[in-house]
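# A structural walkthrough
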Amino acid sequence: MSEPVLQVTDLAIALPTGGDRPFAVSGVSFAVRRGEIVCLVGESGSGKSVIAHATMGLLPRALAVTAGTIALEGEDIVRASAERLRALRAARMSMIFQEPMTALNPVMRCGDQIDEVLRTHTPLAPAERRAKILDIVREVHLPDPDRVVASYPHQLSGGQRQRIMIAMALVLEPALLIADEPTTALDVTTQAQILKLVRELQAKHGTGVLFITHDFGVVSEIADRVAVLRRGKLVEMGPKDEVLRRPRHPYTKMLIGSVPSMTPHGRPVDASARVILATRGLAKTYGASGFFRRRAAVRAAEDVNLEIRRGQTLGIVGESGSGKSTVARCIVRLVDPSAGEVLLDGEDIAAKPARKLGAMRRRVQIVFQDPFASLNPRMRVADILAEGMRALDRGGTEGERSRRIDALLEQVGLPATAKDRYPHEFSGGQRQRIAIARALAVRPKLIVADEPTSALDVSVQAQIVNLLAGLQAELGIAYLFITHNLGLVEYLAHEVAVMYLGRIVERGPAERVLGSPAHPYTQALLAAVPAVAPGGAALAAARIEGELPSPISPPAGCHFHPRCPQATAACRSAYPQETRIAPDHAVRCHLHG
Amino acid sequence: MQDDPDLEREAVRESLLESEAAEAGAPPPREPVWARVRRSWTVRAGGTVLAILVAIALAAPVLGTVDPSYFDPGIRDLLPGTASEFTDIEGNTATRTFWMGTDSFGRDIYSRVLYGTRVSLVVGVAVAVVALALGIVAGLAAGYIRWLDGPLMRLMDGVMAIPGILIAIALVALWKASLLTVVVAIAIPEIPRVTRLVRSLVLSIREEPYVEAAVSLGTPTAKIMFGHILPNTVAPLVVQGTYIAASAIVIEAILSFLGVGLPTDIPTWGNIMAEGRVQFNDYPHNVFFPGIFLALTVLAVNILGDGLRDTLDPRMAKRL
């Protein structure tokens, strides 16, 4: 065993008075050795970021280390002077952040930002610095290093920006790298690429890595050792395989259990159920024509055909920018479709004037992603729940509405006392329950759920998904469930549609699409999902490179061909038609044409 | 697995329940907004000074004043603190101490300054109300009725391009000088700014998911505008209102000083200063006392506005 790069002993950090507990963290001890990746796992509020910031000497003034030590290569950080900390940062320890757009300076070229680190910490001449910058940019596998160093952050994609951050953090070969949820803001295929890069560089330079995450899938991919943090205390620590195979603390078990296992592939489809909503050639193009000038058209959705059956769930999966939210908003008519039909019980609602949509709105409701933004902060819960009833169920009395509100609150698992309170008095999970109750209030047949759990902690996520599944069983509601989380789809969906750059590339029963995916993109997406497997299987599996292209100028032919490992000449020239590889399983790919 | 699976499941379930309970306690109880506002020392300081000024304006007749426009040629140009015989409008003669002196017509500056408080405060409040009311209507229209946005905002740009004082002078010249004219004249150049503020708030709030939720619940447009959007613009508008009031008070004084504001027989701080200007070297008190009141009022309103901004609209406070 080599000497630890980072040794944290009995660390306690006090919270200012008025917080929900006296200490942000207390009694925390762990070590990171040379060439080792230690994952610090916890949900929001567990104190994991506080530990990272304390290690970097970046704690906000309101928080103070009250006990214990943090030693970087034997040197005490807690009592180090501000100058000493400045000298250590970047040179001996560095940090990468969750959001690479805000962590980079938007008005500085990427090369200059890396150069700043070198100028501050080394006496190198400009030419030597330039060579070193190009070296490190090449090392993080950015294409065309000369162009990348001359670009501004906004000219790069999210994954490329995170690579620049990593280059900046590693250019001085620090002994310790702290990664604070570096892949949370990225799509799953990009996340897999970044995780692979961190592992590769860490092995090459022998860097000790403290990797902060909430996702046991990521842990399984990258960690050597795991420390689980809950409400400021370490509840479990040990080698990865041991923690994954034999978790001792129930909290650890719960976190591991909330990661998609990818084994039971969806729920069986009841083909006899009536189709309540179908789209035919649905399309939405943004900014097609301006009055004074032609604007670049963004084809957010094109030729989307899908069917939702009564009482069942259709999951739409795709990375950000794939157009899945646009489809959802077209269906509930928050945006007007540019073309195609939306057939609700056989009646086309795509082009109905807004004032005639009442009957449709009674049948189709929506639940949004962010429960903090989707409830009006100035309305009491009772008024929030009554809004739809007042607008759509004319004729009901206030007494009936009040009884219905009580019933709704009970249905979503909230106390009746909730109705006189305001949204800010509730936690994220409770707010999402209120939003679900609001949608239920008008007794819809279909609820469009647009990433309803992605703003929530994993443990709360599980509860909301269970609530949705329970409501479906009880009330026979159909869901259009939109997500980038394949695990949720596998748990909830009867049927699945996979979207890529505005088009559905594959659709069919969940067990077929997830179990034997036909489209190369579906295959890549499934492979990129970090699953809890002690070996870290997904990183080794087939992987696609690159990121989602811009929908303003999608690649000619099949939009996926630049990233597709099996692309042929046909893929470059024509967009494939939808072909049925089974009566209920359709795919858009020349391989199956 | 060597453990009893049932026991294990039970443990996981317990942990789940516990974690929800922990989450339930997550948001710390927030103080009501008005409690925070009342605690802010800037709001208190500005509010106290303003309250005193309002009291002075209301109680001007009983604070030992005389008719502010009555002049007695026998007591012209008295220095502050001078006691002299004074004959009032009914012909009663008494000895009176002129704490702020008299002007070149023999009018009591103290009475004129106190009555001038009325004009200034009325103008400040009236301009803020008129500008906010018209600006809210225009801003809601521009933000919600898309085809109206372009024409309306270009019109506002046009109004903004003309210097405010120039509009005021033109309007006062066009109509007769009266309180209403002055209020309208000062309010018009303020409208575009309120409109822009309301429009930008509407544009950002109408994209909020809670507004989209209301749309999908079938809530009528008018109800969305006045029930969801307008209440969420109140805080920044209250803050903006205080700044408009402060600037209106100054502009009214400037107009009076330039002689294009209220008629000279109405005592306003600007009028008093304008008349005192010619003799400023010999009798600076003519300008000094109304000047002090003007500065104090504007300062109080601005401090109140800053306090309200910091407590009601913390994001805006950070931006500035």
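Residues numbered from 1 in each chain as written. Chains lettered and ligands numbered in written order. Predicted model: local features only at pLDDT ≥ 70, side-chain atom pairs only at ≥ 80, totals over all residues.

## Overview of the overall build of chain B
Across its full length, chain B holds 13 helices and two strands. By the burial criterion, 40% of the 320 residues in chain B qualify as buried. A separation threshold of at least 6 residues defines the contact pool for chain B, and within that pool the share at least 24 residues apart is 68%. (Helix = DSSP H or I, 4+ residues; strand = E, 2+ residues; numbered from the N terminus. Buried ≥ 20, exposed ≤ 12 C-beta atoms within 10 Å, placed from the backbone. Contact = placed C-beta atoms within 7 Å.)

## So, the sheet that holds strand E14 (residues 339–344) of chain A
All names here are of chain A. On the basis of which strands lie adjacent, the open sheet formed by four strands has the order E12-E11-E14-E15 and antiparallel pairing. Sheet topology places strand E12 (298–309) and strand E15 (347–348) at the edges, where each strand pairs with a single neighbour. The pairing of strand E11 (residues 275–286) with E12 spans eight bridges and is antiparallel. Considered in E12, the bridge of Tyr286 is made with Val298. (Pairing = 2+ DSSP bridges.)

## Description of the confidence of the model for chain B
Residue and element names in this part refer to chain B. Confidence in the prediction for chain B averages 81 pLDDT; 87% of positions are at 70 or higher. pLDDT under 50 marks residues 1–29. Its contacts with residues more than four places away, or in other chains, come to 31 contacts. Interface scoring of the predicted complex returns ipTM 0.77; its pTM is 0.79. (pLDDT = per-residue confidence, 0-100.)

## A word on the packing of helix H7 (residues 158–170) of chain A against helix H8 (residues 188–205) of chain A
To characterise two packed helices, one gives the angle between the axes of the helices and the distance between these axes. All names here are of chain A. Viewed as axis vectors pointing N to C, H7 and H8 meet at an angle of 15°, and their least axial separation amounts to 10 Å. Judged by the inter-axis angle, H7 sits roughly parallel to H8. Relative to H8, the crossing made by H7 is right-handed. Counting all contacts with H7, which are made through Gly158, Gly159, Gln162, Arg163, Ile166 and Leu170, the residues of H8 involved are Thr190, Gln193, Ile194, Leu197, Val198, Leu201 and His205. Residue composition of the contact of H7 with H8, grouped by class: six nonpolar, six polar and one charged. (Axes fitted to C-alpha atoms, helices over the stretch in contact; angles between N-to-C directions. Parallel < 35°, antiparallel > 145°, perpendicular 65-115°, else oblique. Left-handed = near helix turned anticlockwise from the far one by under 90°. Nonpolar A, V, L, I, M, F, W, Y, C, P; charged D, E, K, R; others polar.)

## Section: the domain arrangement of chain A
Many authors give the size of an interface as the accessible area that is lost as the parts come together. Residues and elements named next belong to chain A. Each assigned domain of chain A is listed here: domain 1 (4–257) and domain 2 (275–515). The gap between the C-alpha centroids of domain 1 and domain 2 is 36 Å. Taken residue by residue, the interface counts eight residues in domain 1 and six residues in domain 2. Secondary-structure elements contributing two or more residues to the side of domain 1 that touches domain 2 are H8 and helix H11 (250–257). Grouping the amino acids of the side of domain 1 that touches domain 2 by side-chain chemistry returns three nonpolar, three polar and two charged. (Domains from an automatic or database assignment.)

## Considering the environment of B:Gln240
Residues and elements named next belong to chain B. Locating Gln240 in the fold gives a position in helix H10 (residues 234–258). Look at Gln240 and you get buried, because 25 C-beta atoms sit within 10 Å. The spatial distance from the C-alpha of Gln240 to the C-alpha of Leu258 is 27 Å, given a sequence separation of 18 residues. Not counting residues within four places of it along the chain, the set of residues in contact with Gln240 comprises Val194 and Leu197.

## Considering unusual backbone geometry
All names here are of chain A. Despite not being glycine, Asp10 shows a phi value in the positive range, around 50°. Structurally, Asp10 can be placed in strand E1 (residues 4–14). Take Asp10: there are 11 C-beta atoms within 10 Å of it, and that puts it in the exposed class. With a phi close to 75°, Ala90 is a non-glycine residue in the positive phi region. Along the chain, the position of Ala90 falls in the loop between helix H2 (82–88) and strand E6 (93–96). For Ala90, a count of 20 C-beta atoms within 10 Å corresponds to the buried category.

## Focus: the pairing of strand E9 (residues 225–230) of chain A
Residues and elements named next belong to chain A. With six of six residues buried, E9 lies mostly within the body of the structure. Residues Arg225, Ala227 and Leu229 of E9 are buried on one face, and the alternating residues Val226, Val228 and Arg230, pointing to the opposite face, are buried as well. Both strand E3 (residues 37–41) and E9 contribute to a ladder of four bridges, which runs parallel. By the bridge assignment, Cys39 is partnered in E9 with Val226. Examined bridge by bridge, E9 and strand E10 (residues 233–239) share six bridges and lie antiparallel to one another. Following the sheet pairing, Arg225 is matched in E10 by Pro239. With antiparallel pairing between neighbouring strands as the criterion, E9 and E10 make up a hairpin whose turn holds two residues, including Arg231 at a positive phi of roughly 45°.

## Topic: the nonpolar core
Membership of the largest hydrophobic core comes to 250 residues, with the highest contact counts inside it found for A:Leu210, A:Leu480 and B:Val127. The element best represented in this core is helix H4 (residues 109–144) of chain B, accounting for 17 residues. No fewer than three residues from each of domain 1 (4–257) and domain 2 (275–515) of chain A sit in this core. Residue contacts for B:Val127: discarding those within four places in its chain leaves B:Val183, B:Ile186, B:Ala187, B:Glu190, B:Ile244, B:Ala245 and B:Ala248. (Core = buried A, V, L, I, M, F, W, Y, C linked by C-beta atoms within 7 Å.)

## What about the sheet that holds strand E19 (residues 495–500) of chain A?
Neighbouring strands of a sheet are bound in pairs by backbone hydrogen bonds; such pairs are parallel or else antiparallel. Residue and element names in this part refer to chain A. What the eight strands build is an open sheet, ordered E16-E17-E18-E13-E19-E20-E22-E21; its pairing is mixed. The open sheet has two free edges, formed respectively by strand E16 (364–367) and strand E21 (578–582), since each of these has just one partner strand. Direction aside, neighbouring strands of the sheet carry axes that sit 20° apart on average.

## Digging into the packing of H8(A) against helix H20 (residues 520–528) of chain A
Residue and element names in this part refer to chain A. Running from amino to carboxyl end, H8 crosses H20 at an angle of 50°, the nearest separation of the two axes being 8 Å. Here H8 lies oblique to H20, going by the angle between them. Remark: the crossing between H8 and H20 carries left-handed chirality. In this structure, H8 uses Val188, Thr189 and Ala192 to contact H20, whose residues at the interface are Ala524, Leu525 and Ala528. Tallied by class, the residues present in the contact of H8 with H20 amount to five nonpolar, one polar and no charged.

## Here's the deal with helix H16 (residues 428–440) of chain A
Here H16(A) spans 18 Å end to end across 13 residues, near enough to the 18 Å set by a 1.5 Å rise per residue. Within H16(A), 13 of the 13 residues are buried, which leaves it mostly tucked inside the rest of the structure. (Expected span 1.5 Å × (residues − 1).)

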